[in-house]
Structure formats: C-alpha cells, structure tokens
Amino acid sequence: MECAVEKEELLRCLYLVQGVVEKRSSLPILSHVLIEGREETVSLGATDLEIGIRQQCKAVVKKSGAVTTDARKLYEIVRELPPERLILRSSGEGWVEVSSGRSRFRMASFDPKEFPAITPTVGTDDKKVAVSVALPGKILGEMIEKTLFASSPDESRQNLSGVYLEAQPTGKLRMVSSDGHRLAIIEREAGIAEVDAWPHAILPRKGLIEARKLLEKDEDSETDLALHGATAVLKKGTTELSMRLIEGDFPDYHQVIPKEKKNFVSFPREEFLSAVRRLLVLTTERARGVKLQIEKQKMTVSVNTPDLGEGTEELEVENNGGDLTIGFNGRYLTEVLNVLDEGLKINLFLKDEVSPGLLQAEEDPDFSYIIMPMRIF
Amino acid sequence: MQRRIIHLDMDAFYAAIEQRDFPELRGKPVIVGGNSQRGVVATASYEARPYGVRSAMPMMQALKLCPQAIVVPPRRDHYLAVSRQIFAILRSFTPLIEPVSLDEAFLDVTASKQLFGTARDIAQRIKARIHSETQLTASAGIAANKFVAKIASDMRKPDGLVEIPAQEILAFIHPLPVTKIWGVGRVTAQTLHGMGVQTIGDLARFSRDALVSRFGVHGDQLYRLSHGIDERAVDPNLEVKSLGEEETFEHDLTQDRDVHPVLLHQAQTVAQRLRGRHLVGWTITVKIKLAERLGEGRFRLYTRSHTLPSPTNDAQAIYRAALVLYDAVPRRQLGVRLAGVYASGLEPEGKNAQLDLFVSAPQQTDKRRQLGHVLDQLASRYGEGIVRLGATRSMRPARSQDPGSVRKEDMHDPVARDKKER
C-alpha cells in the first residue's frame, strides 16, 4: 500500500475515528486504525466491536493494499507535522512508514487480515428488516442532543443506556431516552413511509456520542439512518458509522407521560436556568435537591445543604394552577434547559409533589421532558 | 465537664443466644461458625474459651484445640433481631449511642444523670433489663472516655461491670500490654517491642515528639492514649460506613452460573440490612477472591466498585450493579474462592429521595419499599429465605455452610429447630 494525502485531510479523518478506537482494550488490534488504499480513495476504519466507523479520505493511491497502526499515535504525529502532503507506505512485513518533507516514522502494523469487521456482525435474516430514513444532519443531530443527556450512564441498566428509536404513524421519527428518573421525548418530521416495517431499536450511548460529534456544526448535509437487524448504520457524506443495537426492551414509557395538563407555571428559559445554576453551587454531588415553591404568580427556588449553606431565588411566573411545593434534582432541570434553544418560554406542568412533572417549550410541543420529583422536605 | 461513657459488650453473643434457645447446649463448649474446610469461628462460648478457641480462628484449628465442641451454624438474622431488642433498651436511656457491631456499643450518659442517675446506676439498669428481656448477659465498662471504657468492659467478663474513676485511669491502663491500644496491631507492636515497650506505661515514658517522629500522625494518637487521653465523641451517626456480605466457598466455583445466585443472595441480604437500619447506599462493591495462589497463603483479590446515580436499598438495583462489576473481573475461570457484595456511601433512607419513573404510580415507590420491609419482617420471624426471588431457589446445592451465609433450611434438623423457636 502506498498513498499520498494532504495533512489536513488525514488529520480530519483521523479525528473522526479516534472516539471509536478503544483506549484500554484487551485486544491490541482494536487500538489500531485500518488504512485501506484502493483505486482513488483511502479508507480509514476503526471498531471496538460494538461500534465501527469507516471514513473515506481524499488521497492519491499509488499502490493498493492495507496496513494498520496505532490510531492515537498516528493522529498525534500527523497533528504535529507541517501542513504538507504526506506519504503512507507499507514498509516490509509488519511496518508502515509515514513521511513528510524530512520527517520519517516507522510504526508497527498488524496483519490487516486480522482486523475485525468494522460493521458489527450482521445476522443472516438482517437484510429482511432493513429500513432507513433520510433526514437533514442538523435535525438528526438535534434529536440526539436533546435525548442523549437523559439516558442512563449506568451499565447496570442496559435497556436505558441508549436512546430508543420509533417510527410514528404520522411518518415522524421519535427518539426517547430515560435514566429511570427523567425521560426525554423528541419527534421530528422524517417522512417515513413504511411505518409498520420499523422495528423498535435502542441505539447505544457510545455510538450516539460519536454520531453527535459527526453531526456537530453541520450545515445542510443529508444523512441516512438505517437499521439492519441488530445494527444501525448512519451515513453522512464520506463517513459511515455503525453500531450494535442494545438488546432488551425499552420500558413502556407511555404510562409515565402525564395525561392531565391542567396546572402549569410558565417562565423564560434563561431566567430559570441561571437561577438554578447559581443555586446548584450550594449543593453537593450526592444532594442536588432544589425546592420549587409556587405561590400565586411567584416561584421561589431554593436549596439547603447542611454544612454548606442555603440559597433562594425568586422568579415571577405565570401560574395557571394552585400553590404547590415540589422538589427536583436541580441537575435534571439545568441539563434539559441547556439543550433547549435560547429565548424559549418554558411550561412546567405539575400535578402534585409526588407525580411526574412535564416540561415543554411553548414553541415546540414535539419535545417533552418528564421528570420525577425528589422528596427533599 | 467530665464525660461519662459506657462501653457495653454482650458476652459471647452468638453462642449465648444458641445456649439460651437450646437448653441442651448449656454448660457445653459451643462454637458458632461455619463447619466446613474453610469455616471460621464467629463466636465461642465461655466453656470453649479455656481451650484457646477464639473468634476469627479457622474452624479446623478450633476443633483441634477443642474436639468435643458443638459447632452451630450461625443464624445471623436471628442475632440481628436480638440485637435490635438490645439497642431498643439502650435507646431508652440516651440517644447518644454509637453502635460498634451487633453486640457492642458506646453510650454517652453524661447528660442522663438527672433522669437516670449515675453512669454506674445506668449501666446496672441496662444490664438488668437486658437480662430480664433477653436472658442474656452483658459486660459494661465506665470511664471518662471511649478508650478506657472499652478496656474496662473487657476486664471482668462475663456479666462484668467495671468503672474507672478519672484519677485511677493511669494506674489502670499503664500495666496493660500495649496491644490493648486501638490501632496497635502486629506490626506496630513489633516495632514497639523493639523500642523496649511492652506495657502502655512503657509507652507513656516516650515524649510526643519521639513518637511522632517514629510513627507520624499515629504517634500523636499513641501518645495521647498512653496518657489516658481520648477526646473522640460518641457519635450516633458513625453507625456504619459500609455493609456487606461475603462468603468463602467450600469448593471453588468455576462457573458464572454458580456465582450469580450467590451474588443475588448477598445483594438481598445487604438490601435487607440496609432497610433494617433505614439506610441507602450510593456505592456498590464486589469483592472476588480467585483460586490463584500468590504465596504465603494469599490469593488474588479483586474489588470493583460502582457508584449509582441515586442511592438504593433495593435488592434488584444492588444485584444489577454487582453483576456488571462481577462480569468485569478477569480470569474468573480460575475459580472463585470468595465472593462478596458491599454497599457504602450510606445515608438515611428518605433524605433527598429521588422518585422512580417506571412504576405504575408514584406511591409504588413506597409500596416497593414497604414490600421490602414486609419481607424483612417475615424473614426475622420465620427465618431468612422464607420468601425470595425465583432465581435464587436453584442456588442451594452450590452453597456451603459458612458464617453469615447459612439459612435455616441448612440446619441439621430444621423441623425440630423451627418448632422450638416459635
């Protein structure tokens, strides 16, 4: 294998595969990137056996073939090289040479035939249930951004450690996530035709973190999200990201969505967000309880942490209900407001101090956030 | 103002309960503990002690010293129930109680004088009530601090009551061996012996500076204790830092499917003990000892911890976390010799309680907790294991009889025993 590639192009491609490469793997080859040169393109591949990424890179291939090398080390070397064209070349058995101007590096390579499949194993009947949807990268990125934070980082709750994907009869795509204490739901137009063919799927957190990275700062590119049996594949331009779906059933979330939407308070996003942020300073990792006291057209938000101190913030609100005092994990409030757009008017629907609250932006009823209270009294 | 601290220690607690419940054991050397290759002595009755049988001694060794001893598998839940009875008595005298274990506690009765009389009066009344309500005896030590009170309670066991007046503290502690001091273990003792220190009095002849330069921060503590100074408060909140359950297997377990039910059982026990103390834990730890010898009788030990997003005393949540941690332990196929589940980062239940979403109604959170408490009551009445999750049933053949793990079904004659108990 031998190819020539511009530094900036290789650096961009290597950056995109870094997140997938296992940092502490029991299999040494998983810390490597697979570099394949064929005809006009060079393809970079990496996998941790759960998610895989394939990135096409603009290059001039002089000799077809493949090599592997330590992904992180190669990225660090390329980053430090001057912005010039560089040459990647297999150099005898088990070596790859990187050269640019007067710089020359020889790095260890595994036999590329030993490299595991980039796309997680696709079963035999997988082809049958292949479905896909095309939508703007910006929209898909937004959907991930607004659900991923509410999924569970706790490995012991596997079916919650990802985002649940569902096609709606309206043709919209729905994403749902929860950590057992709060739940985020977002729906966006996707023009899905064969709704019934869509399987229920849970996309893993790690895969979505990479997807978010891929879609960030996206202008108007089209992305394609496909499900083949146990695998989801996201294609955008020259990148293909695949991930193994999480096994298990997502809990029946419909039952926790408050049906009664009678009593609610409304307030501007920024005002409430900055108040809670300030109050959270006087809480500890293990006690993020924030008290909301709603009386007439006023909401008093407060914290009280023994050995640390207490704080109070007063907000003017539109109160469309009675008086109520309720506790929430303040972190759960700031996290959702952080992913919502500036300038929104927030409606918080509350029934009583032990029932789930529903948070929505008045301008976007297709996003809902359901949050269980905390007993802090 | 001078403090009055009582250290109360039940006499041969587990063994005494067995002798109380089974009259045929009275007057005989009784050892409570796991009667297996790897069993350990939990408690020995006073009849077994002259033979040299001590707590934490391997059972094989204990039986060599005292072959006629009757070995009784422990009934932890039963002991816990008796312990609760005893702590209820203590609480009627002062809220300032620092539990050390099931059968041991410190009480600060300085402020109780107006109500109940002197510390000696209180200690006598506590001992009398314990005896009349449980037919068990306790030994008490009274002094101006915890250190001296603890040594005093040990002076005239069983059924002792020793009070050390402030002016006699030094005369009392100085002739005692230096190993009586908390924190002086084998290693420190060896160093001290090398310095010519045998008794606490020998230690008191060293200056603070000399001890600090030799032992660091610990040296300051040695200096203070050797002069009978101990300012540590009786802290009711110091109750427990962690709760756990572990088991050494009679045969190493090489299959995950044999270990999983053990972890589930341990998770249930830990959850039950947490609920019994109205606590929840943030961090779950799994301890796995592999059958990989490292020499000097040591084995490869892995401990893995995980902090949950919210604290729990729910068996399912503890088990789920334990399972993930266990699955991350490498080379389990070598055989698992010991498995344990612990909860730490403990705090009172209900404080900052985050409610769960996926239960059909919010009050279900309480129902689940109530269910836990109902199960606990059933267990303390009819024995642990009376009600359990389906998946744990199949575990029994894989289990051994080790301290802390034996349930009533494992007893020699379960039917006869059950009848007697009711």
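Relevant structure appears above.
Nothing here was measured: the structure is a model prediction, and the numbers come from that model.

Undergrad: Before we go on, may I ask you to explain the overall build of chain A in this structure?
TA: Helix and strand content of chain A: six helices and 27 strands. Expressed as a percentage of the 377 residues in chain A, the buried residues total 55%. Intrachain contacts of chain A at a sequence separation of at least 6 include 67% that bridge at least 24 residues. Element-wise, carbon and sulfur atoms account for 48% of the exposed surface of chain A, whose accessible area totals about 17,400 Å².

Undergrad: How should unusual backbone geometry be read in this particular structure?
TA: Where the residue is not glycine, phi is negative for most of them; where a peptide bond is considered, it is trans in most cases. The omega torsion across Lys157 of chain B and Pro158 of chain B is -10°, close enough to zero to call that bond cis. Inspection of the secondary structure assignment puts Pro158 of chain B in the loop between helix H6 (146-153) and strand S8 (161-163). A positive phi is found at Lys296 of chain A, a non-glycine position, where the angle reads about 45°. Tracing the chain through its elements places Lys296 of chain A in the loop between strand S19 (289-295) and strand S20 (298-305). For Arg331 of chain B, which is not glycine, the phi dihedral falls at a positive 50°. Turning to its location among the elements, Arg331 of chain B is positioned in the loop between helix H13 (315-327) and strand S12 (336-348).

Undergrad: Can you walk me through the nonpolar core in this structure?
TA: Soluble globular proteins: nonpolar side chains tend toward being buried together. One finds Phe272, Leu292 and Tyr369 of chain A to be the most contacted residues of the largest nonpolar core, which totals 100 residues. Ignoring any residue separated from it by four or fewer positions in sequence, one finds Leu292 of chain A in contact with Phe272, Met299, Thr300, Val301, Leu324, Thr325, Ile326, Phe328, Leu333 and Leu348 of chain A. Among the nonpolar cores identified, the runner-up in size contains 34 residues, and Phe13, Val82, Ile130 and Ala138 of chain B belong to it.

Undergrad: Help me understand helix H1 (residues 7-18) of chain A in this model?
TA: The periodicity of an α-helix, 3.6 residues per turn, causes residues three or four places apart in sequence to face the same way. All names here are of chain A. Over its twelve residues, H1 extends 16 Å from the first C-alpha to the last, a length consistent with the 16 Å expected when each residue adds 1.5 Å. The buried fraction of H1 is high, at nine of twelve residues. Buried residues of H1: Lys7, Glu9, Leu10, Leu11, Cys13, Leu14, Leu16, Val17 and Gln18, and no others.

Undergrad: Would you explain the pairing of strand S23 (residues 324-329) of chain A in this entry?
TA: Two faces, one strand: in a regular strand the side chains alternate between the faces of the sheet. Residue and element names in this part refer to chain A. In terms of burial, S23 is largely enclosed, as five of its six residues are buried. The sheet contact formed by S19 and S23 spans six bridges and is antiparallel. Residue pairing for S23: Ile294 is matched across the bridge by Leu324.

Scoring rules and cut-offs
Residues numbered from 1 in each chain as written. Chains lettered and ligands numbered in written order. Predicted model: local features only at pLDDT ≥ 70, side-chain atom pairs only at ≥ 80, totals over all residues. Heavy atoms only, no water. Helix = DSSP H or I, 4+ residues; strand = E, 2+ residues; numbered from the N terminus. Buried < 20%, exposed > 50% of the residue type's maximum accessible area, 1.4 Å probe, protein only. Contact = heavy atoms within 4.5 Å. Areas by Shrake-Rupley, 256 points an atom, 1.4 Å probe, with all protein chains shown as cover. Core = buried A, V, L, I, M, F, W, Y, C linked by side-chain atoms within 4.5 Å. Expected span 1.5 Å × (residues − 1). Pairing = 2+ DSSP bridges.

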